Structures are given as structure tokens and as C-alpha cells.
Amino acid sequence: MNATGPNQRRVIFAASLALLSVWLVGLFYLWTAHASLGFNHLLHNKPHSINYDMLALGFLNGQVQLLEEPGPAILALEDPYDPEQNRATGPMYDASLYKGHHYLYFGAVPVLTFHLPYRLIFGELGSEPLGTWFFSILGFLAIAVFIFELWRLFAPTSNVAWVPLGILLIGLGNVFAFGQRGVQLYQTAIYCGVAWMMWTLVLLQRALAADREVAPGGARLLALWVGASFCSALAMGSRPTLIVSFVPVLLVFFLRHRRRLLEGPRRWLDRGFQREFAAAVVPWLLCLIAQGAYNYARFESVFEFGNRYTLNGQINVPKKAVYGAASAVPANLYLHLFRPIPFKAEFPWFSFDVFVPAWIPSPTVFYHLEPSGSLTAISPFSLFFWLGLIVLAMRWRRRPAAFGELRHSLGVFAAVALTGVLVLAEFLIMPLMAARYTVDYATYILVAAALLFFMIDQAVLTSKLGRWSWRAAGVLAAVLTVWIGFGISILGNGDNFRQENPRAYDRLASRFR
């Protein structure tokens, strides 16, 4: 990848194509978010649903618990978490019940970064679908900036078309649109976490590139580290599975300062190095302390996010839920990475199921919460993540010196890939599965796959036959990914579109007959 500075007109043209791509995908997300029940549903809460606006009202009232208190009937039960006992009391399912109060589990970042500002600006409650759409746009903007900056910083002489093609692939072939039907508070937390994690990776991308142009400890570089550290903390405060969000920050810090770190403690006394380290670490630590204090204020433990005290209509969570089980890995590998999705000739062509072959070992307790599909099945382009690693390894053995110019690009790839793999690994040990979990890690793996595909095309493959074969396979996988992405975005979580707005669904389906 050539690092020669790009022509200014090319940069403006690429930026214009990127903005056009963002606008088109944003419109599609907006249509997906409102098509089932209309704009009124998008802008306002459904009645009787638990959501982050309830937590916003609690904060405005000076408390961490929800204003809606549990009734005396459920508190009088011998075991209020037992769905067989609490069903007749009208429980607030998905709330955490602890010492006579209702709480929302996870962190408060969705409230602090959307619901509270929305309430203070517009004077009314926003909805969970609106919050999810907002965070999907925020995350997709980060993806678009990431792709544009990758082209501008590391391959400015390559074809400008790579920029919009990459943005459209990840915007339309990702699972972002799929999760915006049948929205509940889970999706808001997931999309919020992905959005802030993607902005973390954007800032880390710039920090890694800055080692060619910025001296250690410079103000601009410090701002990048502070921003990346803070955004990674916001990701963690959105979704506990993103506790690993700080690992990519540490990785990029190591890659930028690897020589200094490996030369020993004497080299660590440089003030510029120390300022960078503080900028990268202190914001995340302060937010970690704040998250621990928030957890303690709710559940009297800095480590408890509230999941263990959830009221659930199917599971007695404190007694039966298990959040780490090695025995769940075989089943989850199949469910998350290998299970195909059924194809049918009629629109929208694809469906999800809960089938797990009997020959795959599963733990005694495994909760398949909803039909789902594997990442490979719903995003075939993600195969280039694994295929690309194989190609890189083979080429590295033959021509290791040729990878010198890929140093920065490989560092960026490592940060994105590590994020996706770490989050996926957390879900592999969970004895439960839901379609929405794919959103937690799919974005990072698909972005990493696109980045790896681009690097190999531009700097690794040398023969025309090899490059055009690679591109042909990429085009096929990209087309399949966008097609499947569109199909499952119509399907939604539980066939919501067809059930909630059959007239609009039938009008759309008639165009594909």
C-alpha cells in the first residue's frame, strides 16, 4: 500500500462518494426502522414496555432505580424470579429486581448519550427504536470514516471506487438493518456499544498513522488517545461484553511504542511517552471507576451489572442462568459461525431456525432464545477474514520483506480483528443464543475482512490472474452478502414486518414476484 499523499481533488471526490453512500444506507436504515409500524412508533415508546427512557426519568428524579416500583404481590413471593410464580403478578420482565426496586441491567451509556439529551432537548421521551436507529447511524458513520481514512492514509493512489464499495458492502451486508425490527432495550445497548467501539477504532487508526508525522506527546496525538480511551469506556458502559474494548487501545499503543517498550524502563522516562500513556489509560480508568460505582449503587457490587437479577418469562435467572461454560463452545461454534440459513424461492428468500444437529455436543442447560443464523451464512464476505489470514501467512513465509509497507495497515487490521474475535469468544462460552448477538461482533469481523481483502488485492497479490480471481471471488461474496443482508432485514427478528404491517409487507413482496 502506497503512502504517497493523495491528490486533493481525488480526496474530495472520494469524500463525496463516501457521503453519498452514507446517505443511501442511512435512508435504508430509516425505512427499516419505521416500515413495520410507522414514524409514530419510531418516535414514541410502545406502552408498557421497559426501556431506557424509564432510566432517564429515574436519573432526572435523582435515583438509579426506575420510577416504576415492583408491586407488593411479586415482592411477597417466595421466589419472585420464578416465572411460574411471578406470571400472575404482572412482572416487569427484563427489569432487574433487587431489594425491592426495579433497575435496568447493563450500563447507563445509552441513556447518557441519547435518551437524556433527547429528553432535555425535545421535552419528551424518545423511543427504543429511535435510539437504536440513532446508534446504528452513529456506528455506520464511524465505519464510513474508517474506510475513507484507510484509503486516504494507506492507499491514496488506489482506485477511488474502493471507498463507496466498501461502505455500501458493510452498510447493506451487515446485520445493522436486521436488528432494527422488533426493537427492545437489548438492541439499543448492542448498537450503542458497537457505535462507540467503532469510533474507538477510527481514533486508533489515526493514532497509529500519526507515528510518521507527529512527535510523541504532541497535543493532537494526546487528543486521539484521550478520545479513543473515552470511546472504548463508553462501549464498555453500553454492553458488558465490551469489557474487552480497552484491549485494542493497549495493542495500538504497543505497536506505536514497541521499540521503546522493548528497550526497557529507562526509555519509559521520556515525558512525551508518559503523556501518551496517561492519555490512553486515565480516561478509561476513570470511566471504569464510575461504572463500578454505578454498579455498587444498584447491586452493592462493583462487578454486578444486574444480569443475575433479571426477571425473565422463561428462565429463573438467579438459579439457572450460567454465563460461562466451556461445554457450550461446540454448539456455539456451529450456531455463530457454521450453521446455514434455510433458503426458499419466495420473498424474502431466507429464514432463521433453532435447529442444532444431534451430533454436536451441547451443555445440559442451553437456552436458544430465538431463531438465528450464523455469521458465515448471513455474511458470506466474512469468509475473507479467515481466507485472508491464510493467504497472508502463506505469502509471509515466501516474502516477509514485502510486508514492510503493510506495517500500519496490519496494525489497524489487528485492532479491528482482535475486537471481533474477543467479543465472539465471550459468546462462545455462553449457554444461550439469540439472533441479536450476531450484531455484537459481526461488524468488526466484516470490517476486518474488507480491510484484509483490500490489503491483499493492493499489496500482496502480484500476478494478474491471482488478483482478478481474488476480485471475482470478492464480488460474488459481496453480492451474496448484500442480498442476504436485504432479505434478513425484511425478515427481522421474528418476522416482525409481515406480522406488524402485512399490507406494506405484501406491497413490497409483490415487487419481487
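Residues numbered from 1 in each chain as written. Predicted model: local features only at pLDDT ≥ 70, side-chain atom pairs only at ≥ 80, totals over all residues. Heavy atoms only, no water.

**Some points on a nonpolar patch on the surface**
Let me state the cut-off plainly: Patches in this entry comprise residues that are over 30% relatively accessible and not in a salt bridge; like charges within 9 Å are linked, as are nonpolar side chains (Val, Leu, Ile, Met, Phe, Trp, Tyr) within 5 Å. Exposure was quantified through the Shrake-Rupley algorithm and a 1.4 Å probe, taking into account, for residues, occlusion by the shown protein chains and nothing else. We count a salt bridge whenever a side-chain nitrogen from Lys or Arg sits within 4 Å of a carboxyl oxygen from Asp or Glu. Under the DSSP-based scheme used, a helix requires at least four consecutive residues in state H or I and a strand at least two consecutive residues in state E, with every element numbered from the N terminus. Partly exposed describes any residue whose relative accessible area lies between the buried limit of under 20% and the exposed limit of over 50%, with all areas from a 1.4 Å probe on protein chains only and scaled to the type maximum.
On the surface, a nonpolar cluster with roughly 400 Å² of combined accessible area is contributed by Leu 20, Trp 23, Leu 24 and Leu 27. Relative to the elements of secondary structure, Leu 27 occurs in helix 1 (residues 8-35). We classify Leu 27 as partly exposed; its relative accessible area is 38%.

**Some points on the side chain of Ser 229**
Basically, it comes down to this: In protein, a polar contact requires one atom able to donate a hydrogen and another able to accept it; more generally it is a pair of N or O atoms within 3.5 Å, and residues adjacent in sequence count only if both atoms are side-chain atoms. Contact between two residues is taken to exist if any of their heavy atoms lie within 4.5 Å; hydrogens are not considered.
Structurally, Ser 229 is set in helix 10 (residues 219-238). A distance of 2.9 Å separates the side chain of Ser 229 from the backbone nitrogen of Trp 284, its partner in a polar contact. Not counting residues within four places of it along the chain, the set of residues in contact with Ser 229 comprises Phe 246, Ala 279, Ala 280, Val 281, Pro 283 and Trp 284.

**Digging into unusual backbone geometry**
The omega torsion of the bond from Phe 347 to Pro 348 falls at 5°, within 30 degrees of zero and hence cis. Along the chain, the position of Pro 348 falls in the loop between helix 15 (329-338) and strand 3 (367-368). One non-glycine residue, Asp 94, adopts positive backbone phi at about 80°. Here the phi dihedral of Trp 349 falls at roughly 80°; this positive angle occurs in a residue that is not glycine. Here Trp 349 shows up in the loop between helix 15 and strand 3. According to the relative accessible area criterion, Trp 349 is buried, its value standing at 11%.

**A few points about the environment of Thr 376**
Looking at the secondary structure, you find Thr 376 in helix 16 (residues 375-378). Sequence separation between Thr 376 and His 336 is 40 residues, and the spatial gap between their C-alpha atoms is 8.0 Å. For Thr 376, the side chain forms a polar contact with the main-chain oxygen of Leu 337, separated by 2.5 Å.

**Overview of the pattern of salt bridges**
Inspection of every chain in the model, using the stated rule, returns eight salt bridges. As a salt-bridge pair, Arg 256 and Glu 276 come within 3.0 Å of each other at their nearest N and O atoms. Separated by 20 residues along the polypeptide, Arg 256 in helix 11 (residues 247-256) and Glu 276 in helix 13 (residues 271-299) bring together distant segments of the chain. The network of salt bridges with shared partners includes Glu 149, Arg 152 and Arg 206.

**Focus on the nonpolar core**
Put simply, the rule reads: What makes a nonpolar core is a set of buried Ala, Val, Leu, Ile, Met, Phe, Trp, Tyr and Cys residues whose side-chain atoms join them at distances within 4.5 Å.
Counting 138 residues, the largest nonpolar core has Phe 146, Trp 196, Leu 201, Trp 225 and Phe 381 as its most contacted members. Here this core takes 18 residues from helix 19 (residues 437-460), the largest share from any one element. In contact with Phe 146, other than residues within four places in its own chain, are Met 198, Leu 201, Val 202, Gln 205, Val 412, Val 416, Val 447 and Leu 451.

**Notes on the side chain of Thr 32**
Within the secondary structure layout, Thr 32 lies in helix 1. According to the relative accessible area criterion, Thr 32 is buried, its value standing at 0%. A distance of 2.8 Å separates a polar atom in the side chain of Thr 32 from the backbone oxygen of Phe 28. When residues no more than four places from it in sequence are discounted, the contact partners of Thr 32 are Ala 177, Gln 180, Arg 181 and Ser 489.

**Concerning the packing of aromatic side chains**
Applied cut-off: Pairing of aromatic side chains here covers Phe, Tyr and the six-membered ring of Trp, requires ring centres within 6.5 Å, and sorts the geometry by plane angle: under 30 degrees stacked, over 60 edge-to-face, intermediate tilted. A ring is scored as having a charge over it whenever the NZ atom of a lysine or the CZ atom of an arginine sits within 6 Å of its centre and within 35 degrees of its normal.
Applying the stated criterion to the full structure yields 44 aromatic pairs. Geometrically, the ring pair formed by Tyr 105 and Phe 106 is edge-to-face, given 4.4 Å between the ring centres and 75° between the ring planes. Phe 106 shares its class with Tyr 105; the two are buried. Geometrically, the ring pair formed by Phe 253 and Phe 277 is edge-to-face, given 5.7 Å between the ring centres and 65° between the ring planes. With Phe 253 in helix 11 and Phe 277 in helix 13, the pair connects residues that are 24 residues apart, well separated along the chain. Classification of Phe 253 by relative accessible area gives buried; the value is 6%. Among the residues examined, Phe 277 registers a relative accessible area of 42% and is labelled partly exposed. Put simply, the rings of Phe 28, Trp 31, Phe 343, Phe 347, Trp 349, Phe 350, Trp 483, Phe 486, Tyr 505 and Phe 512 touch in pairs and so form one group of aromatic residues. Directly above the aromatic system of Tyr 186 lies the positively charged group of Arg 436, at a separation of 4.0 Å from the ring centroid. The aromatic ring of Trp 468 is capped on one face by Arg 471, whose charged end is 4.9 Å from the ring centroid.

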